[in-house]
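# Descriptive structure summary
Each chain is listed here by its residues.
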Amino acid sequence: KAGVTQTPRYLIKTRGQQVTLSCSPISGHRSVSWYQQTPGQGLQFLFEYFSETQRNKGNFPGRFSGRQFSNSRSEMNVSTLELGDSALYLCASSLSGQRSGANVLTFGAGSRLTVL
Amino acid sequence: AQSVTQPDIHITVSEGASLELRCNYSYGATPYLFWYVQSPGQGLQLLLKYFSGDTLVQGIKGFEAEFKRSQSSFNLRKPSVHWSDAAEYFCAVAFTGGGNKLTFGTGTQLKVEL
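Scope of this entry: the structure provided in the associated data block. All figures in this text were calculated on a predicted structure; none of them were measured in a lab.

Our next topic: the packing of aromatic side chains. To describe a pair of aromatic rings, one takes the distance between the centres and the angle between the planes. In this structure the tally under the stated criterion is 17 aromatic pairs over all chains. An angle of 75° between the planes, with centres 5.7 Å apart, marks the rings of F34 of chain B and F51 of chain B as edge-to-face. Taken together, the residues F34 of chain B in strand 5 (residues 32–38) and F51 of chain B in the loop between strand 6 (44–50) and strand 7 (56–58) connect sequence positions 17 residues apart. Three or more aromatic residues link up through ring pairs in this structure, and these residues are Y35, F45 and F107 of chain A together with Y32, F34, Y36, F51, F90 and F104 of chain B. It is R55 of chain A that lies over the ring of F50 of chain A; its NZ or CZ is 4.8 Å from the centre. One cation-aromatic arrangement involves K49 of chain B over F51 of chain B; the distance from NZ or CZ to the ring centre is 5.7 Å.

See below:
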């Protein structure tokens, strides 16, 4: 059974550009969440999608956006990149998206973004 | 405010020694609790979780954790550490009604001396 697949694994952008990251969840998983990991801020929740709807959003500026497709694949976009956006972006999927929080998340290997 | 604290940033243990990594949370109710491990350049791998029931939970790779409600803690333990356990360990919490929004601790970097 394939795990959570994130592409690209590594990318370099310059300030002001935009970037799109892709996440393919485990087959059958309907919930996809995104996290940002930086040395300074640690792991921070970006947003969660379930059945193509954004269900929860973290405390990030509007430059960070995402979407989920009917096949549960998800993309996140960061516009007008800043140096501080350099990070490992992790995607996680879960079979169910119980609002209670009692869900098991499986993480991908991440997309490492470097902004120059 | 809801938060998760891992007080130890770095821990060094000798191979074969026991290990305990601390995790405390601040929340008015019982959250859902997780421990994840991250090796360099990799994503997060779930070690174990606590949702309800028996407060001592067993995970993969010989790890266990104990939920102590009175101390708001969920400490991770392993009786005998292997060199391959060197990694960064994250405690995470899902608060009731938060869906898949996990709040992570700052992580504990484990070094294993041979």
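This brings us to the sheet that holds strand 7 (residues 64–68) of chain A. Residue and element names in this part refer to chain A. If you trace the 4 strands from one edge of the open sheet to the other, you get 1-3-8-7, paired in antiparallel fashion. For this open sheet the edge positions go to strand 1 (5–7) and strand 7, each flanked by a neighbour on one side alone. Strand-to-strand twist of the sheet, defined as the mean angle between neighbouring strand axes without regard to direction, takes the value 15°.

Now for the pairing of strand 7 of chain A. All names here are of chain A. Where strand 7 meets strand 8 (residues 74–78), 5 bridges bridge the pair, whose relative direction is antiparallel. Its bridge partner lying in strand 8, R67 is registered against E75. The antiparallel pairing of strand 7 with strand 8 creates a hairpin that spans 5 residues between the two strands, and S72 there sits at a positive phi of about 75°.

The next point concerns the pattern of salt bridges. All names here are of chain A. Going through the model one piece at a time under the given rule, you end up with 9 salt bridges over all chains. The partner of E82 in a salt bridge is R63, and the shortest N-O contact between them spans 3.6 Å. In this pair, E82 is assigned in the loop between strand 8 and strand 9 (87–94) and R63 in the loop between strand 6 (53–57) and strand 7, connecting sequence segments 19 residues apart. Through salt bridges with shared partners, one network takes in R63, E82 and D85.

For the rest of this paragraph, the subject is the state of the cysteines. All names here are of chain A. On inspection of all chains with the given rule, the structure shows 2 disulfides over all chains. With a sulfur-sulfur separation of 1.8 Å, C23 is cross-linked through a disulfide to C91. Every disulfide takes its handedness from the sign of the S-S torsion; for C23 and C91 that torsion is -60°, giving left-handed. Taken together, the residues C23 in strand 3 (residues 19–24) and C91 in strand 9 connect sequence positions 68 residues apart.

Facing 25 residues of chain A, the contacting portion of chain B comprises 22 residues. Buried surface at the junction of chain A and chain B, summed over both partners, amounts to about 1,800 Å²; 54% is from carbon and sulfur atoms. Considering only the surface of chain A that becomes buried against chain B, L43, V104 and F107 of chain A emerge as the three largest contributors, covering 26% of it. There are 0 salt bridges connecting chain A and chain B. On inspection of chain A and its partner chain B, the count reaches 10 residue pairs in polar contact (both at pLDDT 80 or more). Residue assignment for the side of chain A that touches chain B shows that the elements contributing at least two residues are strand 4 (31–38), strand 5 (42–50), strand 6 and strand 9 of chain A. When residues of the side of chain A that touches chain B are assigned to their parent elements, the largest contribution, 4 residues, is made by strand 4 of chain A. When its residues are assigned to classes, the side of chain A that touches chain B shows 10 nonpolar, 11 polar and 4 charged.

Reading guide: rules and limits
- Residues numbered from 1 in each chain as written.
- Chains lettered and ligands numbered in written order.
- Predicted model: local features only at pLDDT ≥ 70, side-chain atom pairs only at ≥ 80, totals over all residues.
- Heavy atoms only, no water.
- Phe/Tyr/Trp six-rings, centres within 6.5 Å; stacked < 30°, edge-to-face > 60°.
- Helix = DSSP H or I, 4+ residues; strand = E, 2+ residues; numbered from the N terminus.
- Lys NZ or Arg CZ within 6 Å of the ring centre and 35° of its normal.
- Pairing = 2+ DSSP bridges.
- Axes fitted to C-alpha atoms, helices over the stretch in contact; angles between N-to-C directions.
- Salt bridge = Lys/Arg side-chain N within 4 Å of Asp/Glu carboxyl O.
- Disulfide = S-S within 2.5 Å.
- Contact = heavy atoms within 4.5 Å.
- Buried area = accessible area lost by both parts, 1.4 Å probe.
- Polar contact = N/O pair within 3.5 Å; in protein donor to acceptor, adjacent residues only side chain to side chain.
- Nonpolar A, V, L, I, M, F, W, Y, C, P; charged D, E, K, R; others polar.

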